[in-house]
Amino acid sequence: MVTLKVKDVAFSYASVPVLARVSMEVGPQEMVAVLGPNGAGKSTLLKCIDRILTPHLGSILLDGEDLVKLSRLELAKRIGYIPQSLSHTFSVTVFDAVLMGRRPYISWHTSEEDTEKVLATLNMLHIEDLAMRDINEMSGGQMQQVFIARALVQEPDVLLLDEPTSNLDIRHQLEVMHTIKSIVRKKGISTIMAIHDLNLAARFADKIVLMNGGEIVAVGDPSAVITPATIREVFKVEADVYEKEGKLHVVPLRAVRTK
Amino acid sequence: MPPSESRSGESGKSEEIKAQYKKFIGRKLLFIFSSLLLIVLIAGFAATLGSYQISVTEVYAIILHGILHDPATTAELVVWNLRLPPILMGILAGIGLAIAGTTMQAVVRNPLASPYTLGIASAAGFGAALAIILGKGLATGQYLIIANAFVFAVLSAFVIYGLSRHRGATPETMILAGIALMYLFSAMTGILQYFGEQQAVAEVVFWMFGSLGRASWDKLPFVAAILALCVPLLMLKAWDLNTLGAGDESAKSLGVNVDQTRALCFVLASFMTAGVICFTGTIGFIGLVSPHICRMVIGGDNRYLLPASGLFGAVILLSADTIARRIIAPTVIPVGLVTAFMGVPLFLFLILKRKREYW
């Protein structure tokens, strides 16, 4: 179990700044939801943490160890990343797609241990029936599960998810979030997800990081961060926020007119 | 998504998947060995074709005998000196072009890519035209054309490599650079042909058709050496090529150095293509069709797909060459024309049969 610290991370595309000295922390087994409007820098932050994009400034520390010092392969053993758009250009079985998650550990030949780990993970996510099917025949929810399985067989300390629910119907949104939550607990993995749905974030996350214009504007418990005032400020939307059966509910009312 | 009911029989299910997976790998190996067997059979048959009559069994006997003894009889001389060189060149060219095609498809992440997608054929063609029409080049005698074709093909590959180093090795950068080079070299070849003498121009056109007829024992070691260098290196990169299929971001997060993998594999594929087509001229469709067929049969894992498509490419090329020799015998038509005729219906069939959209 680890603590991930993001310290003063800045990134810009060409000369357009996307992240301006962002700092945040994710504790052991913590599930953090990063919220914010389109273009707030949520995805960029995740990509900087996994060094898919190289931050121009700042450092990312995993239990005090600077991730910049790790090779790509070493990094892949520590951090699992699930991108927003999930696809495979060529046909590949679900089993082989998940097996790719063992890439950081294998050079060419796969061992019995690799096979066992893939099978155990498919089993844990209840998708072993799909093992020999082509990945391109998967539905959106199944595809999400396959990519989660792939990230898990990397045996990472930290899991990053970019909009894991954006292409799913409400039933699959709930299922995927439940899956992630239970894995985080079971495996002791810390998780950061970029997400648009305020209600899902409020319900599942331990901590909310609210971003706007490349900066973090609020951090804390869902009930502390998701308020009518912050929603109005960041999303430019009038909203009702109320609690029912211990859960936070956000009802958007109308867009605020901007000059 | 299956609900979490019966948790009994879990290990049974795992065993079942393992058995299925083993069977799947068995199928891949079977395909590879079948292709190998087909190569031997077609090569044996191809060696019987020609004005001097030899039976298939004689051919195999002569080949086995000739491994340890110098050819002495007429039959032995015909098989070893006349018939085997083009057959062996066909096998090597088939392997090289098909593996280069498989690699290029993975590198630019597009199943419609071929070894020629990035303009290498035009570059080789220009090099050959320069040698044939102006007699200018980097070597003398029969090697003038070969060396020129090879050097210009490799040169174009390195221009694309340089550009992608500068701009990031994305498929888009590489394809755009390839298109630009293709037009440049085609235009320059056009100028040479416009001002060239009629006979030389005809020779250029003939060179570009692609043929195994120019093969000889002294040329085979070059092609064999290039394949022996490139194929193992690409095989080592098979896992990384697999991960590219999941997209650059996924590949990076799995620990793959995407830019480096893409650049290296592209250079190896280009080197191999250049090594083949400088001796044969451009033989089309092998590098496009073979990976397609193999992917349909054994799936997309490059650890198996690379060797399978290579061997199957040899099967296709040898078959095409056999047809090219037989169809209006004794006249032999260039194999490059036959592969195009074979490739088109095959390709249309694949398009009509395909289960899903590629884009």
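Details of the structure are given in the entry above.
Keep in mind it's a predicted model, so treat the numbers as computed, not measured. (Residues numbered from 1 in each chain as written. Chains lettered and ligands numbered in written order. Predicted model: local features only at pLDDT ≥ 70, side-chain atom pairs only at ≥ 80, totals over all residues.)

Draft legend 1. Main features of the overall build of chain B. Scanning chain B from terminus to terminus reveals 14 helices and zero strands. The order of helices and strands in chain B, counted from the N terminus, is α-α-α-α-α-α-α-α-α-α-α-α-α-α. Taken over the C-alpha trace, chain B has a radius of gyration of 22 Å; the compact-globule value for 359 residues is 21 Å, and the two agree within 12%. Within chain B, the fraction of its 359 residues that count as buried is 47%. In chain B, of all internal contacts separated by at least 6 residues, the share reaching a separation of at least 24 is 75%. (Helix = DSSP H or I, 4+ residues; strand = E, 2+ residues; numbered from the N terminus. Rg over C-alpha atoms; globule rule 2.2 N^0.38 Å. Buried ≥ 20, exposed ≤ 12 C-beta atoms within 10 Å, placed from the backbone. Contact = placed C-beta atoms within 7 Å.)

Draft legend 2. Structural detail: the nonpolar core. In terms of nonpolar packing, the biggest core is built from 189 residues, with V98 of chain A together with A124 and A153 of chain B touching the most fellow members. It is helix α3 (residues 74-107) of chain B that provides the largest number of residues to this core, a total of 16 residues. If near-sequence neighbours (up to four positions away) are discounted, A124 of chain B is found in contact with A149, F152, A153, A274, I277, C278 and T282 of chain B. (Core = buried A, V, L, I, M, F, W, Y, C linked by C-beta atoms within 7 Å.)

Draft legend 3. Local environment of helix α4 (residues 120-134) of chain B. All names here are of chain B. The terminal C-alpha atoms of α4 lie 21 Å apart, and with 15 residues this matches the ideal 21 Å at 1.5 Å per residue to within 8%. Of all 15 residues that make up α4, 14 are buried, and the element is covered over most of its length. Immediately downstream of α4, the backbone of G135 shows phi near 65°, a positive value. (Expected span 1.5 Å × (residues − 1).)

Draft legend 4. Spatial organisation of the environment of S55 of chain B. Residues and elements named next belong to chain B. Checked against the element boundaries, S55 lands in the loop between α1 (10-46) and α2 (56-68). A tally of 11 C-beta atoms within 10 Å means that S55 is categorised as exposed. Sequence separation between S55 and I42 is 13 residues, and the spatial gap between their C-alpha atoms is 13 Å.

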